[in-house]
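Reading the structure
This is what each chain is made of:
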Amino acid sequence: MALVRVISSDGAAFLVSQRLAKRSGKLKTEIETFRKSSDNSEAQPEIRIVTIRAEILRLVLQWLQQHQNDPVLPANQNEQDGRGDAEMGQSQWDRDFLAPMDLGIVMELILAANHLEVKGLLDITCKLVESKITGRTVDEIRTAFKLKSDFKGNEEEQTRLENRWCVEN
Amino acid sequence: MESLPTEVLECIFSFLPQDSLDSCFQVCDRWAEVIDKMLKKTMWNPWSANNPTAEAMLIFRHTAGSKFESAEHIAEMRNKISKLTPSERTKNPFKNRTLIINMKNTKDFTALHQGLPEMIKEFGGHVHHLLYYVNHLVPQSVENMWLIFNNMKNIRSVTFYSLQMDVVMEWVNRWDMSTFPTLPHFSELGFLGGITFQYIEVLANVYGPQIQKLSLRFVTANGDKFDRIVGKFPNLNFLKVFELDPREFYRRCLKHIPIRHLSISIGRERKELDENQFNLIDIMETLRPFFSEEFEILTLFGNLKSKCEDCSCNFDGFQASPGSPKSLKEVAIPLSLLGTHEFWELLLNVSNLRKLMLMETEDNFKNKVLGKEELQNLCEPIWRRLSSDLQTISIRSREFNKIFGRCFPVIFTCHRPRPQIEL
């Protein structure tokens, strides 16, 4: 079985099958680039992911392992087909996988899924964030996501008023 | 959350219901900007205004409260404004910054247009997207067109429909184009129905270089005028044309512009464009010399016919045309062409095809739920013959929605069957 060594930003190395790694758009490209530039067809590719630390990379690979036989979703699947892919694709395993994670880890996982082009994982993590937004007030959303309003002066009030009008409609 | 790139925020927001989207709009400047951009991209498509699609469904839901059809609608708005404090009264009154000026009947429309100048002068700066109906029986609707460009300084997209050329040109000829203001965000222009090319040319002279999306329907012009006009939109990357003879149009316009997204709709409402005279081969032959690296999305609507008499084509002996557009990544095509000679000719050489949508034109599946097995049977020949980059095929049918009283599209999705598990 052909293998690839994937190295996290903090230096941890993961040895995975190329078949599994190629389910990530980014890793697939990297492996193919390595093949083209390498004289030795048997050489083992080594890919350094400088933006993803070991704990997160392990989670991504774990998710890929679980979903290795799923169809690969195109990167821009939702644009024309509408929503629902995340809900359709979310299994009990996915729910158990995401359940213990705090929001900080989920955010890192989203960034990793986006960077590595793993559409299915990106969808379910985004859906999880969506569930933490739905039904909350503006202030609650800001608190949950540790965001500060960057509206200047009365802009916030203006936006709030615009929104009030919309809601009343 | 602050570190998430725009496309990821868009992905998260795309799952949100409208109420939550409204809340997110107020969280911070960046979120507001992303949502605004997203709504513009997904909701505002001039073509959808007259053709029910998923986008139309969204427009229908999201623009409630933005549609003005009578003086009463202005009065309602004024009444709500009067309840606000004086400092609040200049705020945006248009949901999603969209304004639709529509006609239900002449009497109401006349009354609406009497009150419109005052409303547009006061609140026009809040409008980002405008759909503007013009009717020659209500001359004020023509006269008020002038207001758009002079009072909507933040306008992004404008779609005119049902212009009557003679009446409009009488007014347009009186305009002093040198006084047209700068509209820095104006990038989308649409003309739906009865448009004179002179009018398009007038606007193209002023705003042509900044227009990126252009939609045209029922345009009356001869070939020379096409040449003259199209060169005035040098930065166009999206072109949608319907109810025109696409062969003539594209022969003349594609040599000027490296279009990325081309959308053609044929033979739905215009009887003189006899559907039988169009087939995919003719259209592709016309387009072929102009395919460029930028050409990625092709959408073909309508009842295109196959030239094949026996369209259970013998695939084994079939050679794809070497001139097929290799740069294509997304194709939407009528379901009726599935399996025909033209179908394979178009798709076999497209090595990077990622999305394929088959659009039902003859109501074969209307109000019917397509089961998994039925979908796989339809798609099976495509899985076998097209590149494995293509993982999903969508089939678009229609379903009557009782709540809205009209048909909306239903999209069934079929995924490439899983490969055998390697042991």
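Sequence order as written defines the numbering, with residues in each chain counted from 1. Key to labels: chains lettered from A, ligands numbered from 1, both in the order written. Note on the predicted model: pLDDT of at least 70 is required for a residue's local features to be given, and 80 or more for side-chain atom pairs to be given and counted; whole-chain, interface and lining totals, by contrast, use all residues.

Focus on the overall build of chain B
The condition that has to hold: Strands are runs of DSSP state E lasting at least 2 residues, helices are runs of H or I lasting at least 4, and numbering of each runs from the N terminus. Burial in this document is a count-based property: other C-beta atoms within 10 Å of a residue's C-beta are tallied, and the residue is buried at 20 or more, exposed at 12 or fewer, or partly exposed in between, with C-beta positions derived from the backbone. Working definition of a contact: two residues with C-beta atoms, positioned from the backbone, lying within 7 Å.
When helices and strands are tallied, chain B shows 15 helices and 13 strands. Expressed as a percentage of the 423 residues in chain B, the buried residues total 37%. Within chain B, contacts between residues at least 6 apart in sequence are counted, and of these 79% link residues at least 24 apart.

A few points about the overall build of chain A
The secondary structure content of chain A amounts to ten helices and three strands. Put simply, chain A runs from its N terminus to its C terminus through helices and strands in the order β-β-α-α-β-α-α-α-α-α-α-α-α. Taking all 169 residues of chain A together, 30% fall into the buried category. Partitioning the contacts of chain A with sequence separation of at least 6, the portion at a separation of at least 24 is 65%.

Topic: the sheet that holds strand β3 (residues 46–48) of chain A
All names here are of chain A. Operational definition: Paired strands, in this sense, are two strands between which DSSP finds at least two bridges. Here, axes are lines fitted to C-alpha atoms. For helices the fit covers the stretch in contact, and angles between N-to-C directions go from 0 to 180 degrees.
Within the open sheet, the three strands sit side by side as β2-β1-β3. Their pairing is mixed. Since the sheet does not close on itself, it has two edges, and those belong to β2 (13–17) and β3, each with one partner. Pairwise comparison of adjacent strand axes, ignoring direction, gives a mean angle of 25° for this sheet. In this sheet, β2 lies alongside strand β1 (residues 3–7) in antiparallel orientation, the contact comprising five bridges. Considered in β2, the bridge of Arg-5 is made with Leu-15.

Let's talk about the nonpolar core
The test is simple: To count as a nonpolar core, a set of buried Ala, Val, Leu, Ile, Met, Phe, Trp, Tyr and Cys residues must be joined through C-beta atoms within 7 Å.
Formed by 67 residues in total, the largest nonpolar core has its most connected members in B:Leu130 and B:Tyr132. It is helix α6 (residues 106–123) of chain B that contributes the most residues to this core, five residues altogether. Excluding residues within four positions of it along the chain, B:Leu130 makes contact with B:Leu99, B:Ile148, B:Met152, B:Ile155 and B:Val158. In this structure, A:Ile56, A:Val138, B:Leu4 and B:Leu9 belong to the second largest nonpolar core, which totals 44 residues.

A closer look at unusual backbone geometry
Residues and elements named next belong to chain A. Its identity as a non-glycine residue notwithstanding, Glu-117 has a phi of 60°, on the positive side. Given 17 C-beta atoms within a 10 Å radius, Glu-117 is considered partly exposed. Positive phi, close to 50°, is recorded for Lys-146, a residue that is not glycine. For Lys-146, a count of 10 C-beta atoms within 10 Å puts it in the exposed group.

Side note on the environment of B:Ser351
Mapped onto the elements, B:Ser351 comes out in the loop between α14 (341–347) and β11 (355–359). Given 12 C-beta atoms within a 10 Å radius, B:Ser351 is considered exposed.

With respect to the confidence of the model for chain A
Residue and element names in this part refer to chain A. Using the following cut-off: Think of pLDDT as the predictor's per-residue confidence, scored from 0 to 100.
On average, chain A scores 78 in pLDDT, and the residues at 70 or more come to 76%. Within chain A, helix α4 (residues 78–81) has the poorest average pLDDT of any element, 36, and helix α3 (residues 54–66) the best, 94. Taken together, the stretch residues 76–88 has pLDDT below 50 and engages in 24 contacts with residues farther than four places along the chain or on a different chain. Taken as a whole, residues 155–169 scores under 50 in pLDDT and shows 23 contacts with residues more than four places along the chain or in a different chain.

A look at the packing of helix α7 (residues 103–116) of chain A against helix α8 (residues 119–133) of chain A
Residues and elements named next belong to chain A. Short version of the rule: Each crossing gets its handedness from the near helix: less than a right angle anticlockwise from the far helix is left-handed, clockwise is right-handed.
Where α7 meets α8, the axes come as close as 9 Å, and the angle between the chain directions of the two elements is 145°. Like other packed secondary-structure pairs, α7 and α8 cross with a definite hand, here left-handed. Contact residues: Leu-103, Val-106, Leu-109, Ile-110, Ala-113 and Asn-114 in α7; Leu-121, Leu-122, Thr-125, Cys-126, Leu-128, Val-129 and Lys-132 in α8.

Brief notes about the pairing of strand β4 (residues 157–161) of chain B
Residue and element names in this part refer to chain B. Among the five residues of β4, five are classified as buried, and the element is accordingly described as predominantly covered. The alternating pattern of β4 places Ser-157, Thr-159 and Tyr-161 on one face and Val-158 and Phe-160 on the opposite face, and all of these are buried. Note that strand β3 (residues 129–133) and β4 share five bridges and pair parallel. Note that in β4 the partner of His-129 across the bridge is Ser-157.

Points about the confidence of the model for chain B
Residue and element names in this part refer to chain B. Considering every residue of chain B, the mean pLDDT works out to 73; 64% of them sit at 70 or more. Across chain B, the secondary-structure element scoring lowest on mean pLDDT is helix α4 (residues 54–62), at 39, and the one scoring highest is α6, at 89. When the criterion is pLDDT under 50, residues 42–64 qualifies, and its contacts beyond four places in sequence or with other chains add up to 42 contacts. Throughout residues 313–318 the model reports pLDDT below 50, and contacts reaching past four residues in sequence, or to other chains, amount to nine contacts. ipTM for the predicted complex: 0.79, alongside a pTM of 0.54.

A few points about α6(B)
All names here are of chain B. Selection criterion: To estimate how far a helix should extend, the number of its residues minus one is multiplied by 1.5 Å. Axes are fitted to the seven residues ending at a residue and to the seven starting at it; the angle between these axes is taken as the bend at that residue.
Compared with the 26 Å implied by 1.5 Å per residue over 18 residues, the 24 Å span of α6 between its first and last C-alpha is a close match. Maximal helix bending in α6 amounts to about 40°, located at Leu-116; proline Pro-117 follows within four positions. Every buried residue belonging to α6 is among Phe-109, Leu-112, His-113, Leu-116, Ile-120 and Phe-123, and all of these are buried. Those residues of α6 that are buried lie in contact with β1 (67–68), α5 (71–82), α7 (139–143) and α8 (145–151).

Examining helix α15 (residues 372–385) of chain B
Residues that lie three or four places apart on an α-helix share one face, since the helix turns once every 3.6 residues. Along its 14 residues, α15(B) runs 20 Å from first to last C-alpha, staying within 8% of the 20 Å computed at 1.5 Å per residue. At B:Cys379, α15(B) shows its maximal kink, close to 50°; a proline, B:Pro381, follows between one and four residues later.

A word on the environment of A:Thr125
All names here are of chain A. Looking at where Thr-125 falls in the secondary structure, it is placed in helix α8. A C-alpha to C-alpha distance of 7.4 Å links Thr-125 and Leu-109, two positions 16 residues apart in sequence. Not counting chain neighbours up to four residues away, the residues in contact with Thr-125 comprise Val-106, Leu-109, Ile-110 and Ala-113.

Focus: the environment of B:Ser187
Residues and elements named next belong to chain B. With respect to the secondary-structure elements, Ser-187 resides in the loop between α9 (165–172) and β5 (188–196). Its 18 C-beta neighbours within 10 Å are what place Ser-187 among the partly exposed residues. Separated by 30 residues in sequence, Ser-187 and Ser-157 have C-alpha atoms that sit 6.2 Å apart.

Re the pairing of β11(B)
What counts here: Orient the strands so they point away from the viewer; a crossover is then right-handed if the path from the first strand over the helix to the second runs clockwise.
By the criterion of burial, β11(B) is predominantly enclosed, with four of the five residues buried. For the crossover that starts at strand β10 (residues 330–334) of chain B, traverses α14(B) and ends in the parallel β11(B), the hand is right-handed.

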